[in-house]
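Observations on the three-dimensional arrangement
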Amino acid sequence: MSNPFAYNDVYGVIRRHVSPGLALGYKLVGHGAYEVAASGATVRLSDGRTLVDFGSYAVTLLGHRCPPVVDAVATQLATMPTATRAVGNPVVAAFVEELADRCGAGLDRVWLGSDGADAVEVALKLARRGSGRRRILAVEDGFHGKTLGALAATAAPAFRAGLEDVLAPVTHLPRDDAGAVAREVRAGDVAAVIVEPVQGEAGVRPLDASVVARWAADAHAAGAYVISDEIQAGLRRCGSFSVAVDTGWAPDAVLFGKALGGGVLPLSAAVGTADFFAPLVDDPTWHTATFGGHPLSCAAGRASLRVIDELAGRADELGTRFARDLCALAAAHPALVCEVRGRGLLWGVEFATPAMAGSVLVELADAGLLVSPCLSSRRTIRLLPPMVTTEAELRRAFDALAAALVATEEFAEGACDADVGDAA
Ligand SMILES: Cc1ncc(COP(=O)(O)O)c(C=O)c1O
């Protein structure tokens, strides 16, 4: 049977109808080939090559086409893929209950969306409405999405450019300043502090748990809410189902997305306390989205939660080995690598220059490994091994890393020689 997705001019169309820069970037990484199929941590390209996928922007925690997730979606597709939203739906109800159960700690109210920014939007609206205050405190370099409300909390100048005057009031706190929340709440009007326990797009920077604990305590003492954005770091990617709950920050809301739909369907959630959710409990139409709580996504989400539970031990073990081997490899290239940071299955390698990071990214694809760049840190590449990574995929990934570092080092040495020559 012919492949219905076969298409000769993928990059021409992306160039003409989306963005020339995006087409060029894709083409460079794929060597002109495009993606056609995937399974587990492996992606197949149109030219027959396969790549190990440690990227996909944190969506594929369970790999591609995780069988129980695909089966659950297929079953739902064959029965009732969409919701009337006029009467209750058991798939949506069951998912909501199972998600809240895993959060515990009084986090028993749930709102469902599709993208991470959806969950951030509703959380920021709830915090402002519930507190009657306007200001949000976020963290330097923090990333929370690009819709207007979420963008106000996102620190990246490139994404805020040209819009500063329409963004809601958000103060970005220095990452290591434990007294920052106490100082800001004294200035008044603070509705909430929003944190990412591990800042993914900022270059994979785990926040200091004791600093966040102090921020959370100071926020609560001032009647402000604490929101933990775990859209990237939660769901056991960094060990805990919710880092904030496990670390004892007593969050009023935890946000999930990306891998929540099992790498099969888009799904996000804000899970919060009854107090935080009061405006929505009073009036559930106050913040809605047509496809929020879509039965196909909820079927995927329910199956995903179970697979995440099952693979938790394997993920911990994989994360420990991955960290050890990545640090050892990086230590062998001190002229390239400045720092390796991360936790669990979320790691960042920071290079001396953005050019080195770019070169490693392309060399890695050539050698068989896909990774994600960090949107707010051009010197860092991000490695997101799925929980289901096989031994063979892991070996292939490390072989590719070793080859890409050597190739970039040789190239960088040449570049430095040329610079010296030019200067002389
Ligand atoms: C921590 C965090 N919050 C929010 C978002 C926004 O999610 P989305 O791109 O699905 O809207 C992201 C996306 O990378 C994220 O990493």
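What counts, and at which threshold
Residues numbered from 1 in each chain as written. Predicted model: local features only at pLDDT ≥ 70, side-chain atom pairs only at ≥ 80, totals over all residues. Heavy atoms only, no water. UniProt positions renumbered as here; feature names shortened; annotations may be inferred. Near = heavy atom within 4 Å. Polar contact = N/O pair within 3.5 Å; in protein donor to acceptor, adjacent residues only side chain to side chain. Areas by Shrake-Rupley, 256 points an atom, 1.4 Å probe, with all protein chains shown as cover. Nonpolar A, V, L, I, M, F, W, Y, C, P; charged D, E, K, R; others polar. Core = buried A, V, L, I, M, F, W, Y, C linked by side-chain atoms within 4.5 Å. Buried < 20%, exposed > 50% of the residue type's maximum accessible area, 1.4 Å probe, protein only. Helix = DSSP H or I, 4+ residues; strand = E, 2+ residues; numbered from the N terminus. Domains from an automatic or database assignment. Contact = heavy atoms within 4.5 Å. Buried area = accessible area lost by both parts, 1.4 Å probe.

- Per an unreviewed UniProt entry, the protein carries the name Aminotransferase class III-fold pyridoxal phosphate-dependent enzyme and comes from Planosporangium thailandense.
- In its Cofactor (unreviewed entry) section, UniProt records this for the protein: "pyridoxal 5'-phosphate".

Here's the deal with the site of the ligand
- Taken together, the residues surrounding the ligand are D115, G116, A117, F143, H144, G145, E196, E201, D229, I231, Q232 and K258.
- Between an oxygen atom of the ligand and a side-chain N or O atom of E201, the distance comes to 3.2 Å.
- For the ligand, an oxygen atom lies 3.0 Å from a polar atom in the side chain of K258.
- For the ligand, the protein covers 84% of the area, taking 400 Å² as the surface of the free molecule.
- Its residues assigned to classes, the shell around the ligand comprises three nonpolar, four polar and five charged.

Observations concerning the nonpolar core
- Ranked by internal contacts, the top residues of the largest apolar core, which has 64 residues, are F351, L369 and L383.
- At 16 residues, helix α12 (residues 295-331) tops the list of elements feeding residues into this core.
- Looking at this core, you find at least three residues from each of domain 1 (52-64 + 312-423) and domain 2 (67-307).
- A156, A192, F277 and L280 belong to the second largest nonpolar core, which has 32 residues in total.

Focus: the domain arrangement of the protein
- The domains assigned to the protein are domain 1 (52-64 + 312-423) and domain 2 (67-307).
- Just the C-alpha atoms count here: the centres of domain 1 and domain 2 sit 28 Å apart.
- Each partner contributes residues to the interface: domain 1 has 28 residues there, and domain 2 has 28 residues.
- Both faces considered, domain 1 and domain 2 share a buried interface measuring about 2300 Å² in area, 59% of it formed by carbon and sulfur atoms.
- Considering only the side of domain 1, the residues that lose the most area to domain 2 are L62, R343 and L346, jointly responsible for 26% of the buried surface there.

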